[in-house]
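# Examining the three-dimensional arrangement
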Amino acid sequence: MELWQNLIRDSIHSVDQLVEKFKLDRKIAVNLDNFFQARINPYYLSLIRYPGDPIWLQCVPDEVELNDIDASEDPLGEDSMSPVPNITHRYPDRVLFLATSQCGMYCRFCTRKRKVGNSSKISMKDLESAFKYVEEHSEIRDVILSGGDPLMLTDVMLEKILKRLRAVPHVEIIRIGTKMPCVLPQRITPKLVKMLRKYHPIYINTHFNHPWEITDESKKACELLVDAGIPVGNQCVLMRGVNDNPEIIKDLFRKLLAMRVRPYYLYQADLTKGANHFRTPIKVGLEIMDKLRGHISGLAIPHYVIDAPGGGGKIPILPQYVLHQDDEKIVLRNFKYETFVYPDVTPKDYRNDIPSNGTDNLEGITLPILVEEE
Ligand SMILES: *Cc1c(COP(=O)(O)O)cnc(C)c1O
Ligand code: SF4
């Protein structure tokens with residue numbers, strides 16, 4: 001067994017361990033275990049500094065989860081957009097491809113609790129209909145391996161999947177969504193990376209939520225990936241008590257950028273069962289975004305998105321920079337709250353004097369910008 005597999009094996013997962021290690025009441029621990037099992041590997045456990053800290057909150061089961069276990073199983077309507085098992089097809093040109101239900105750690109805020117952690121293994125045979133779907137739909141240019149965590153698969157199994165997808169002519173890029181660089185960086189080995197780079201263009205999106213998750217080990221993992229020409233992005237979930245603070249987020253994003261990981265999305269926490277205690281007011285997210293733009297490198301600024309309930313997809317939201325807009329001008333404010341009037345090109349002058357490319361007047365075009373009059 002490889003080191004990372006030993007670390008998984010040595011995870012805290014049973015009721016007995018939860019009671020002993022975290023002093024949970026046994027009855028509550030049983031209920032929590034029935035609701036969503038724990039898996040805290042020794043590496044991630046070692047990042048905890050004190051009970052209830054931002055690392056602890058993400059991995060240790062808590063009684064408050066039991067308050068809303070009746071909330072949505074599938075808040076993003078993924079199952080209704082699943083044409084065949086293991087595929088979610090929401091956007092025109094890309095699909096999620098669920099390759100496993102296992103993860104290196106089980107996050108208490110997970111939105112895929114219904115899919116994650118059940119012990120039934122997914123085999124290549126089980127994935128046949130998913131491969132067929134990708135092969136038969138030439139509009140699919142981007143396949144996002146997801147789960148669970150695809151890097152829970154062995155190198156051999158993962159390579160079989162990549163090889164099959166790479167053989168599909170219309171699949172341009174393959175993405176891997178994995179939390180391993182954060183929760184179990186030992187998984188990113190030179191051997192894995194050597195295999196991955198054979199299937200370029202490969203992109204990875206990982207998932208760091210707090211600066212304490214950035215360690216020598218996680219840095220090394222990300223560097224191995226990036227040095228192999230794999231661009232690494234980060235998807236961060238905004239959570240109460242974990243990172244709902246502009247200084248913490250700024251610190252995290254700067255540190256990510258310094259190890260060549262680009263912040264990609266900042267997610268508003270989903271309406272998911274057992275996780276409502278993590279939700280923050282949208283105002284908090286907007287304020288964080290306001291304190292990033294202009295203040296830190298633009299490369300470190302992600303899109304803040306709400307994943308629309310029921311499957312509407314990710315919708316970006318921005319602090320209000322447009323103070324007013326009419327046919328002649330737009331009134332904007334900058335990161336220091338200074339106001340600027342920018343003269344617009346009026347629709348009647350637009351492209352009257354240059355050859356048309358088909359868009360020769362804006363009469364019929366309405367831009368969906370809502371501006372409140374002061
Ligand atoms: C997030 C997501 C994607 C990828 O979206 P991008 O904006 O391209 O990163 C694709 N499919 C589903 C179902 C998703 O939830
Ligand atoms: S790694 Fe992702 S899929 Fe797995 S438990 Fe955490 S949030 Fe859920």
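The text that follows walks through the structure, step by step, so that each part is easy to find. (Residues numbered from 1 in each chain as written. Chains lettered and ligands numbered in written order. Predicted model: local features only at pLDDT ≥ 70, side-chain atom pairs only at ≥ 80, totals over all residues. Heavy atoms only, no water.)

### Examining the sheet that holds strand 8 (residues 303-308)
The strand order 1-2-3-4-5-6-7-8-9 describes an open sheet built from nine strands, whose pairing is mixed. At either end of the open sheet lies a strand with only one pairing partner, and these are strand 1 (87-91) and strand 9 (313-316). For this sheet, the mean angle separating the axes of adjacent strands, direction not counted, is 30°. Bridging between strand 6 (residues 232-238) and strand 7 (residues 261-268) involves seven bridges; their strand directions are parallel. Bridged to L238 within strand 7 is Q268. Packed on one face of the sheet, helix 6 (residues 128-136) meets strand 1, strand 2 (94-98) and strand 3 (142-146) and runs near 165° to strand 2. (Pairing = 2+ DSSP bridges. Helix = DSSP H or I, 4+ residues; strand = E, 2+ residues; numbered from the N terminus. Axes fitted to C-alpha atoms, helices over the stretch in contact; angles between N-to-C directions. Contact = heavy atoms within 4.5 Å.)

### A short note on the site of ligand 2
Taken together, C103, M105, Y106, C107, C110, V116, G148 and K179 form the complete shell of residues around ligand 2. Its residues assigned to classes, the shell around ligand 2 shows six nonpolar, one polar and one charged. (Near = heavy atom within 4 Å. Nonpolar A, V, L, I, M, F, W, Y, C, P; charged D, E, K, R; others polar.)

### With respect to the nonpolar core
Formed by 96 residues in total, the largest nonpolar core has its most connected members in F97, I161, L196 and F253. By residue number, the principal contributor to this core is helix 7 (residues 155-166), which donates five residues. Excluding residues within four positions of it along the chain, I161 makes contact with F97, A99, M124, L127, F131, L145 and L153. Counting residues in each nonpolar core, the second largest holds six residues, with F36, C103, Y106 and V116 among its members. (Core = buried A, V, L, I, M, F, W, Y, C linked by side-chain atoms within 4.5 Å. Buried < 20%, exposed > 50% of the residue type's maximum accessible area, 1.4 Å probe, protein only.)

### With respect to the environment of E65
Here E65 is to be found in the loop between helix 5 (54-59) and strand 1. Among the residues examined, E65 registers a relative accessible area of 1% and is labelled buried. As for E65 and F36, which are separated by 29 residues in sequence, their C-alpha atoms are 9.6 Å apart. Excluding its chain neighbours within four sequence positions, the residues that come into contact with E65 are L32, F35, V60, R108, G274 and H277. For E65, the side chain forms a polar contact with the side chain of R108, separated by 2.8 Å. (Polar contact = N/O pair within 3.5 Å; in protein donor to acceptor, adjacent residues only side chain to side chain.)

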